[in-house]
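Residue-level listing of the chains:
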Amino acid sequence: MESAATAEAQPISGVCPVLATPFDDDGMPDAPGLVRIAEFAIRCGADAIVYPGVASEVEQLSDSERNRLIDVLATAVHGRVPLIIGASATELPATILHLYKAASLSAAAAMVMAPARLAGDTAALIDYYRALGAAADVPIMLQNAPPPAGAGCDMSAIARVVAAVPAVRYVKEETMPCGQRISSLLAMREIGDAPHFIGVLGGAGGRYILDELARGALGTMPACELTDVHVAMVAAWRAGNRGFARNVYNRSLPLLNFQAVFPWAMTKEVLKRRGVLGCAHVRAPGPRLDRQDEAELGIMLAEIGDLLADFSPDGGMNP
């Protein structure tokens, strides 16, 4: 695995998909399936991979399941791409234990969501991240997600946390409007006075990716089922081919909007249809696809079929 020092030399950027947690037909975690998802993301060209996060149904995993899956994933990835480990938990002691796990695996960063209960209390938020920074030697990515899951902090509060806590190296911003908030954060004096701060990445399923990149985001952290599409989009943007990037974005947006309604069900169904998973079981509560949804999903996937690579778990990927 990469060390924290290496992560400093090679900042996290680009397409960093959050991996889904696969379950078998009995609803039990499927560790080999998680390895297949990681292989898929890496072969698609992911710049880093993230696990576990909201897109991983992390709230439906026990601590033992979570730790076992992280160990399996870390062994499979083994330094091929940076690994960002989700370390969020409801209470500070549990979060610290997840930070220890990330540090033990030399993760490129540990992603910690700003707790919803600290919304509006900047001093408490600073104390929270200071405690995390003192607990483990691992770069921290502050995930600013909207309520009810996260605090949805204003940018002045986030800037004050970054300035006060050297361990906070990155921010993942996904509170609406993401783009404006990224611009606001990057323009704040506190950020300019914090040389340890590396930058901001977007989230929100990749639905605002080009606006975020235009405003200075380092990259995006969407779900994983369209990693190859996101990689093509970001590569075109970086190469200055903004027209092609915009074309890919416009063509993929219906799927991204669909995923916002069926976040876990759609991700897993697409992974199943792409040959990555054999089972699309979802633990998390929320809407499931009915027959018409499944038909509509097939139409949308066919419409971008030329952008999707064929995946074989035992072979390569073919355009």
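What you are looking at is a predicted structure, and each value in this text was computed from that prediction instead of being measured.

Procedures and definitions
Residues numbered from 1 in each chain as written. Predicted model: local features only at pLDDT ≥ 70, side-chain atom pairs only at ≥ 80, totals over all residues. Heavy atoms only, no water. pLDDT = per-residue confidence, 0-100. Contact = heavy atoms within 4.5 Å. Pairing = 2+ DSSP bridges. Helix = DSSP H or I, 4+ residues; strand = E, 2+ residues; numbered from the N terminus. Axes fitted to C-alpha atoms, helices over the stretch in contact; angles between N-to-C directions. Phe/Tyr/Trp six-rings, centres within 6.5 Å; stacked < 30°, edge-to-face > 60°. Buried < 20%, exposed > 50% of the residue type's maximum accessible area, 1.4 Å probe, protein only. Lys NZ or Arg CZ within 6 Å of the ring centre and 35° of its normal. Right-handed = clockwise from strand over helix to strand, strands pointing away. Expected span 1.5 Å × (residues − 1). Core = buried A, V, L, I, M, F, W, Y, C linked by side-chain atoms within 4.5 Å. Salt bridge = Lys/Arg side-chain N within 4 Å of Asp/Glu carboxyl O.

*Asks:* For this particular structure, what's the right way to read the confidence of the model for the protein chain?
*Replies:* The predicted structure's coordinates, where accompanied by low pLDDT, should not be read in detail. In this model, the protein chain carries an average pLDDT of 94, and 95% of its residues clear a pLDDT of 70 or more. Taken together, the stretch residues 1-8 has pLDDT below 50 and engages in 17 contacts with residues farther than four places along the chain or on a different chain.

*Asks:* What am I meant to see in the sheet that holds strand 8 (residues 219-220) here?
*Replies:* Strands pair in a sheet through their backbones, by hydrogen bonds, and they do so in one of two ways: parallel or antiparallel. The strand order 1-8-7-6-5-4-3-2 describes an open sheet built from 8 strands, whose pairing is parallel. Edge positions in the sheet fall to strand 1 (14-15) and strand 2 (49-51), since each has one partner strand and no second. The sheet contact formed by strand 4 (residues 109-113) and strand 5 (residues 140-144) spans 4 bridges and is parallel. The residue bridging Val112 from the neighbouring strand is Leu142, located in strand 5. Here helix 7 (residues 178-187) sits on the sheet and contacts strand 5, strand 6 (168-173) and strand 7 (199-202); the angle it forms with strand 6, its principal contact strand, is near 155°.

*Asks:* Help me understand the packing of aromatic side chains in this model?
*Replies:* When we look at a pair of aromatic rings, we describe it by the centre distance and by the angle of the planes. Evaluation of the coordinates by the stated rule reveals 3 aromatic pairs. Centroid distance Phe40 to Phe311: 5.5 Å. Interplanar angle 90°. Geometry classified as edge-to-face. Highlighted residues: Phe40 in helix 2 (residues 31-44) and Phe311 in strand 9 (residues 310-311), separated in sequence by 271 residues. By relative accessible area, Phe311 is classed as buried at 9%. Ring centres of Tyr128 and Tyr129 lie 5.4 Å apart, and the angle between their planes is 80°; on these two criteria the pair is classed as edge-to-face. Under the relative-accessibility criterion, Tyr129 is labelled buried at 0%. Over the face of the ring belonging to Trp237 we find Arg242, whose NZ or CZ atom lies 3.8 Å from the ring centre.

*Asks:* I'm lost on the environment of Asp310 in this one. Help?
*Replies:* Along the chain, Asp310 falls in strand 9. Its relative accessible area of 51% is what places Asp310 among the exposed residues. Sequence separation of Asp310 and Phe40 is 270 residues, and the distance between their C-alpha atoms is 9.9 Å.

*Asks:* Sorry, what's going on with the pairing of strand 3 (residues 83-86) here?
*Replies:* Regular strands show a simple pattern: their side chains alternate between the two faces of the sheet. Residues Leu83 and Ile85 line one face of strand 3 and the alternating positions Ile84 and Gly86 line the opposite face, and both faces are buried. Direction of pairing for strand 2 relative to strand 3: parallel, over a ladder of 3 bridges. Bridging from a neighbouring strand, Tyr51 pairs with Ile85 of strand 3. Crossover handedness for the path strand 2 to helix 3 (residues 63-77) to strand 3: right-handed. Following the backbone out of strand 3, through helix 4 (residues 92-104) and into the adjacent parallel strand 4, one traces a crossover that is right-handed.

*Asks:* Just to check I follow, could you spell out helix 10 (residues 227-238) for this structure?
*Replies:* Given 3.6 residues per helical turn, the α-helix brings residues three or four places apart onto the same face. With 12 residues, helix 10 extends 16 Å between its outermost C-alpha atoms, agreeing within 8% with the 16 Å of an ideal straight helix rising 1.5 Å per residue. Most of helix 10 is tucked away: 9 of the 12 residues are buried. Taken together, the buried positions of helix 10 are Thr227, Asp228, Val229, His230, Val231, Met233, Val234, Ala236 and Trp237. Positive phi appears at Gly240, one or two residues downstream of helix 10, with a value of about 85°.

*Asks:* Hey, could you run me through the nonpolar core in this one?
*Replies:* Within soluble globular proteins, side chains that are nonpolar generally end up buried alongside one another. Core analysis: the largest hydrophobic core is formed by 67 residues, its most contacted members being Leu19, Ile49, Leu73 and Tyr129. In this structure Leu19 touches Leu34, Ile37, Ala38, Ala41, Ile49, Val50, Tyr51, Ala55, Ser56, Leu73 and Cys224, once residues within four positions along its chain are discounted. One finds Leu210, Leu213, Ala265 and Val270 within the second-largest nonpolar core, a separate group that totals 30 residues.

*Asks:* Just checking my understanding: could you explain the side chain of His230 for this structure?
*Replies:* The residue His230 is located in helix 10 in this model. We classify His230 as buried; its relative accessible area is 3%. Dropping the residues within four chain positions of it, His230 is found in contact with Val15, Gly205, Gly206, Ile209, Pro222 and Leu256.

*Asks:* Can you walk me through the pattern of salt bridges in this structure?
*Replies:* For side chains bearing opposite charge, pairing can occur when the charged atoms are close. A complete count under the given rule lists 13 salt bridges for this structure. Here Lys172 ties to Glu174 by a salt bridge, and the two come within 3.6 Å at their closest N and O atoms. The same class applies to Lys172 as to Glu174, namely buried. Between Asp228 and Arg274 there is a salt bridge, and its shortest N-O distance comes to 2.5 Å. Highlighted residues: Asp228 in helix 10 and Arg274 in the loop between helix 12 (263-273) and helix 13 (291-303), separated in sequence by 46 residues. Its relative accessible area of 9% is what places Asp228 among the buried residues. On the basis of relative accessible area, Arg274 is assigned to the buried category, the value being 10%. A network of salt bridges, in which partner residues are shared, links Glu39, Arg43 and Arg80.

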